[in-house]
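# Structural characterization, general
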Amino acid sequence: MTAVLTRRPGLAKLRASSGRSPLHLACLTLVGLVVAAALLAPWLAPHDPNTVDLAAALAGPSAGHPLGADTAGRDTLSRLLLGARTSLLGPLGVVAVSTLVGVAVGTAAAWRGGRLDSLLSRSTELVFAFPGMLLAILVVSVYGEGLLAPVAALGVAYLPYVSRLTRSLVLAERARPYVSAYLVQGHSGLQICLRHVLPNIAPVVLAQSTINFGYALMDLAGLSFLGLGVPPLTPDWGRMVFDGQTAIQHGYPLSAILPCVLVVLTVVAFNVVGERWADRVARRDR
């Protein structure tokens, strides 16, 4: 049994399969900058993001505050940098939960079939029919503010997208000759899935997870804007838009507009990167 029979082109070959458009390169650069800002925020932030300076409240850009200050005099640049950590950590948790559980559920349903497939498919369809934001709002109303409750709720809400995709991919892989050959040789279903099936479908699942990351970022920012996300003192882009409503009313919109723009650009960047990756996978499989 050769590697050609059991493996599709790897990620390195996939990346080299087609050129990158200027839009894709711009979005990939933006994703890299946002991730770097989140990782280096404690060293890049010029001020403590929670330091209140009422004398600088609603101040415009200056040498001390390059992007101005909010209604409490907190430095906008520092809160944007530190807010990137929370704003990316939440979607990462959503994607981790939905991808790990969704892949396990989809693989089990496709491989075992029968009643298990029917039970798991119907269960995920029930979750799919329930709006994710509504589920998150209900969970937060029970457990209170914080990042864990909405992340868990959205992770469950995003699970059907991954499980249904995984199920269809595993069904296609199981029909391939190499699976039958390994079964005849006495390999267990678990071994075949872990060593061959899942690596083959990984690029498609990762592309979907990248798109889900952008949507999760938008949903969590929306919850924070509603005051249902992170606690008030936690730097977060959605929370900054919520806190900046008062500044907009006083004619100082910068502290609310900047995080809103960052949310939109980051969501678009992740979606473009994910869709580009998915398009490459689709062309590879033709």
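Everything quoted here is computed from the prediction, not taken from an experiment. (Residues numbered from 1 in each chain as written. Predicted model: local features only at pLDDT ≥ 70, side-chain atom pairs only at ≥ 80, totals over all residues. Heavy atoms only, no water.)

Summed over all chains, the structure comprises four salt bridges. For Arg-74, the salt bridge goes to Asp-70, with nearest N and O atoms at 2.9 Å. Taken as a pair, Arg-74 and Asp-70 share a single burial class, namely buried. Among the salt bridges present, the one from Glu-173 reaches Arg-176, with a minimum N-O distance of 3.2 Å. With a relative accessible area of 1%, Glu-173 lands in the buried category. Given the relative accessible area of 35%, Arg-176 is considered partly exposed. A single network of salt bridges, built from pairs that share partners, joins Asp-70, Arg-74, Arg-239 and Asp-243. (Salt bridge = Lys/Arg side-chain N within 4 Å of Asp/Glu carboxyl O. Buried < 20%, exposed > 50% of the residue type's maximum accessible area, 1.4 Å probe, protein only.)

Here the focus is the nonpolar core. Among the nonpolar cores identified, the biggest contains 19 residues, and Cys-27, Val-31, Leu-88, Phe-213, Leu-217, Trp-237 and Val-263 are the most heavily contacted of them. It is helix H12 (residues 254–285) that contributes the most residues to this core, six residues altogether. The contact partners of Leu-88, leaving out residues within four places of it in the chain, are Val-34, Val-35, Ala-38, Phe-213, Leu-217 and Thr-266. If you look at the next biggest cluster of nonpolar residues, it comprises 15 residues, including Trp-111, Val-170, Val-197 and Val-204. (Core = buried A, V, L, I, M, F, W, Y, C linked by side-chain atoms within 4.5 Å. Helix = DSSP H or I, 4+ residues; strand = E, 2+ residues; numbered from the N terminus. Contact = heavy atoms within 4.5 Å.)

It is worth spelling out the packing of aromatic side chains at this point. This model, assessed by the stated rule, comprises three aromatic pairs. Between the aromatic rings of Tyr-158 and Tyr-161, the centroid separation amounts to 6.2 Å while the plane-to-plane angle is 65 degrees, which identifies the pairing as edge-to-face. With Tyr-158 and Tyr-161 both in helix H7 (residues 148–174) and three residues apart, this pair spans about one turn of that helix. According to the relative accessible area criterion, Tyr-158 is buried, its value standing at 7%. Ring geometry for Tyr-178 against Tyr-182: centres 6.5 Å apart, planes inclined by 85 degrees, an arrangement best described as edge-to-face. Of this pair, Tyr-178 and Tyr-182 both sit in helix H8 (residues 177–184), four residues apart, which is roughly one turn of that helix. In this pair, the class of Tyr-178 matches that of Tyr-182, namely buried. Taking NZ or CZ as reference, Arg-174 lies 4.6 Å from the ring centre of Trp-111, over its face. (Phe/Tyr/Trp six-rings, centres within 6.5 Å; stacked < 30°, edge-to-face > 60°. Lys NZ or Arg CZ within 6 Å of the ring centre and 35° of its normal.)

What follows concerns a nonpolar patch on the surface. A surface patch of nonpolar side chains, about 540 Å² in accessible area, is lined by Val-35, Leu-39, Leu-40, Trp-43 and Leu-44. With respect to the helices and strands, Leu-44 occurs in helix H3 (residues 22–44). (Patch = residues over 30% accessible without salt bridge, like charges linked within 9 Å, V, L, I, M, F, W, Y side chains within 5 Å. Areas by Shrake-Rupley, 256 points an atom, 1.4 Å probe, with all protein chains shown as cover.)

Next up on the list: the side chain of Thr-266. Structurally, Thr-266 can be placed in helix H12. Using a relative accessible area of 2% as the deciding quantity, one classes Thr-266 as buried. From its side chain, Thr-266 meets the backbone oxygen of Leu-262 in a polar contact 2.7 Å long. If sequence neighbours within four positions are ignored, Thr-266 has contacts with Leu-30, Val-34, Leu-88, Leu-217 and Trp-237. (Polar contact = N/O pair within 3.5 Å; in protein donor to acceptor, adjacent residues only side chain to side chain.)

So, about the side chain of Arg-239. Here Arg-239 is to be found in helix H10 (residues 237–243). A relative accessible area of 6% places Arg-239 in the buried class. Ignoring sequence-local partners within four residues, the contact set of Arg-239 consists of Glu-145, Ser-224, Gly-227, Val-230, Pro-231, Pro-232 and Thr-234.

On inspection of all chains with the given rule, the structure shows zero disulfides. Distance from the sulfur of Cys-27, which forms no disulfide, to the nearest cysteine sulfur (Cys-260) is 17 Å. (Disulfide = S-S within 2.5 Å.)

Counted at 1.5 Å a residue, the expected span for H3 with its 23 residues is 33 Å, but the 28 Å between its end C-alpha atoms falls short. By the largest-angle criterion, Ala-38 marks the main kink of H3, which is about 50 degrees, and a proline, Pro-42, follows within four residues. Looking at H3, one finds that the buried residues are His-24, Cys-27, Val-31, Val-34, Ala-37, Ala-38 and Ala-41. (Expected span 1.5 Å × (residues − 1). Bend = angle between axes of the 7 residues up to and from the residue.)

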